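So the chains spell out like this:
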Amino acid sequence: MSAAPVHHPVYVGDDGALLDVAEAIAADWAALGVRGSFLARNLATGGQLGFDVEEMMPLASVVKVPLALVVLDRIAAGDLDPAHPVTVDPAHSSVGPTGLAAFRYPATVAVGDLVLQMLSVSDNAAADTLLDLVPVADVDARLRDWGCGGIRMRHRMNHMYECAAGAAGNDFSLALELAVRDERAGRHTIETLDPAYANVGSPSALVGLLRRVWCDEISVPGATAELRRLMGLQVFTHRLASELRADTLRWSGKTGTFLHLRHEIGVVEAESGDRVAVAALTRADRCAGSAADVDLAIGAAGREAFEVLRR
């Protein structure tokens, strides 16, 4: 069997120092057996650094950020009532380890709180319940209307698990092995890992979306303000937030995890006024359900980028 071709990242950086940081991050990830793409941008100066920033990658739960914005836009327009109660029945809801997806009995939750559940604890059942109200095609069309061409929503969250089960039965370990094997071979046994069929986005498009949300340049200010508030309530701090925790910093983000995918996007804001948007999308080259070293490497990348991009 011939060896897989060596990947050479395409770097972006506005000067030599920023390019040096981008190259160091890519080298650190490669040493851990991680392939990925990364972009960090100062929202005031536009200074940025990263690599492979236009690469389209399956987003896993990161797609819940654009989904939330579309739902919040509907709420702001008066088309959805955030107080409207919706009953979620575990017998028919989506798979997942957190929130309503982990419930054993039916629960009734308001639409606005479904958005909270989806963003704070990455609740797949909450996300797919919202997609009952605002269908996938409508979300994708709204993103097109907003000019978010580098982000596509094509399927519900539960479809990821359905496709994994279709390839590996109920053996999630086998699904992980298939994902890693296919990553090395450049093919996709599991459909929702194929950029041609998955919910996808590029670091450039995701950072662009974050910039527009933080600068109130998309949807309406009521919707973007609520999205910023809810992203600030995310409970997971093991990736980008791991090295961006201080009394003088605020992190607002959203993780995405599925099989060998480990992602996070968000914005770090400093008391000094600096605001840096970050998108880190990774694919691990190992069969590990947990990989603390990869999570920490993502965190280190965020800290290094933030420090060099501060004014």
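Residues numbered from 1 in each chain as written. Predicted model: local features only at pLDDT ≥ 70, side-chain atom pairs only at ≥ 80, totals over all residues. Heavy atoms only, no water.

## A look at empty space enclosed by the protein
Gaps left between atoms are located by rolling a probe of water-molecule size over the structure's atoms.
Okay, so step 1: Evaluated as defined, the whole model comprises 1 cavity of 30 Å³ or more.
Okay, so step 2: Counted as a void, the largest cavity has a volume near 50 Å³.
Okay, so step 3: In terms of lining, the largest cavity is formed by Pro58, Leu59, Ala60, His155, Met160, Thr192, Ala198, Asn199, Phe258 and Leu261.
Okay, so step 4: Classifying every residue of the lining of the largest cavity by side-chain character gives 7 nonpolar, 3 polar and no charged. (1 Å grid on protein atoms, 1.4 Å probe; cavity = no way out; pocket = protein on both sides within 12 Å on 5 of 7 lines; lining within 4 Å. Points joined across faces, edges and corners; volume = space filled by probe spheres on them. Nonpolar A, V, L, I, M, F, W, Y, C, P; charged D, E, K, R; others polar.)

## Things to note about the sheet that holds strand S9 (residues 249–258)
Okay, so step 1: Judged by pairing direction, the sheet is antiparallel, and its 6 strands sit side by side in the order S1-S3-S2-S11-S10-S9 without closing on themselves. The sheet terminates laterally at strand S1 (11–13) and S9, the two strands that pair on one side only. Strand-to-strand twist in this sheet, taken as the mean axis angle between neighbours without regard to direction, amounts to 10 degrees.
Okay, so step 2: Pairing analysis gives 9 bridges linking strand S10 (residues 261–270) to strand S11 (residues 275–284), with the strands arranged antiparallel. Paired with Val268 across the bridge in S11 is Val276. (Pairing = 2+ DSSP bridges. Helix = DSSP H or I, 4+ residues; strand = E, 2+ residues; numbered from the N terminus. Axes fitted to C-alpha atoms, helices over the stretch in contact; angles between N-to-C directions.)

## Examining helix H8 (residues 203–214)
Okay, so step 1: The terminal C-alpha atoms of H8, which comprises 12 residues, lie 16 Å apart, in line with the 16 Å expected from a rise of 1.5 Å per residue.
Okay, so step 2: With 11 of its 12 residues buried, H8 lies for the most part within the structure.
Okay, so step 3: When H8 is considered as a whole, its buried residues turn out to be Pro203, Ser204, Ala205, Leu206, Val207, Gly208, Leu209, Leu210, Arg212, Val213 and Trp214. (Expected span 1.5 Å × (residues − 1). Buried < 20%, exposed > 50% of the residue type's maximum accessible area, 1.4 Å probe, protein only.)

## Digging into the side chain of Ser94
Okay, so step 1: Of note, Ser94 is situated in the loop between strand S5 (85–88) and strand S6 (107–110).
Okay, so step 2: The exposure class of Ser94 is buried, given its relative accessible area of 7%.
Okay, so step 3: Sequence-distant contacts of Ser94, that is, excluding residues within four places in its chain, are made with Ala101, Asn124, Ala125, Asp128 and Asn158. (Contact = heavy atoms within 4.5 Å.)

## Description of the pattern of salt bridges
Side chains bearing opposite charge may pair, as long as their charged atoms lie close to each other.
Okay, so step 1: Applying the stated criterion across every chain yields a total of 19 salt bridges.
Okay, so step 2: Residues Asp138 and Arg74 are paired through a salt bridge, measuring 3.5 Å at the closest nitrogen-oxygen approach. In this pair, Asp138 sits in helix H5 (residues 136–145) while Arg74 sits in helix H2 (residues 64–76), placing the two residues 64 residues apart along the sequence.
Okay, so step 3: For Asp138, a relative accessible area of 33% translates into the label partly exposed.
Okay, so step 4: Residue class for Arg74 comes out partly exposed when judged on its relative accessible area of 24%.
Okay, so step 5: Among the ionic pairs, Asp285 bridges to Arg184, the shortest N-O distance being 2.6 Å. On the criterion of sequence distance, the pair formed by Asp285 in the loop between S11 and helix H10 (292–309) and Arg184 in helix H7 (residues 172–185) is long-range, its members being 101 residues apart.
Okay, so step 6: A residue is classified by how much of its surface remains accessible, and Arg184, at 52% relative accessible area, is exposed.
Okay, so step 7: One network of salt bridges, with partners in common, ties together Arg35, Glu55, Glu183 and Arg283. (Salt bridge = Lys/Arg side-chain N within 4 Å of Asp/Glu carboxyl O.)

## Some thoughts on the packing of helix H1 (residues 16–31) against H10
Okay, so step 1: The geometry of H1 relative to H10 is characterised by a closest axis approach of 10 Å and an angle of 175 degrees between their N-to-C directions. Judged on the interaxial angle alone, H10 and H1 are roughly antiparallel. Within the contact between the two elements, H1 uses Leu18, Val21, Ile25, Asp28 and Trp29 and H10 uses Ala297, Ile298, Ala301, Glu304, Ala305, Val308 and Leu309.
Okay, so step 2: Of the residues assigned to the contact of H1 with H10, the class counts are 10 nonpolar, no polar and 2 charged. (Parallel < 35°, antiparallel > 145°, perpendicular 65-115°, else oblique.)

## Considerations on the side chain of Ser202
Okay, so step 1: Tracing the backbone through its elements, the reader meets Ser202 in the loop between strand S8 (200–201) and H8.
Okay, so step 2: Classification of Ser202 by relative accessible area gives buried; the value is 2%.
Okay, so step 3: Polar side-chain contacts of Ser202 include one of 3.1 Å to the backbone nitrogen of Ala205.
Okay, so step 4: Once you skip the residues sitting within four places of it in the chain, Ser202 turns out to touch Val53, Glu54, Glu55, Met56, Gly150 and Leu281. (Polar contact = N/O pair within 3.5 Å; in protein donor to acceptor, adjacent residues only side chain to side chain.)

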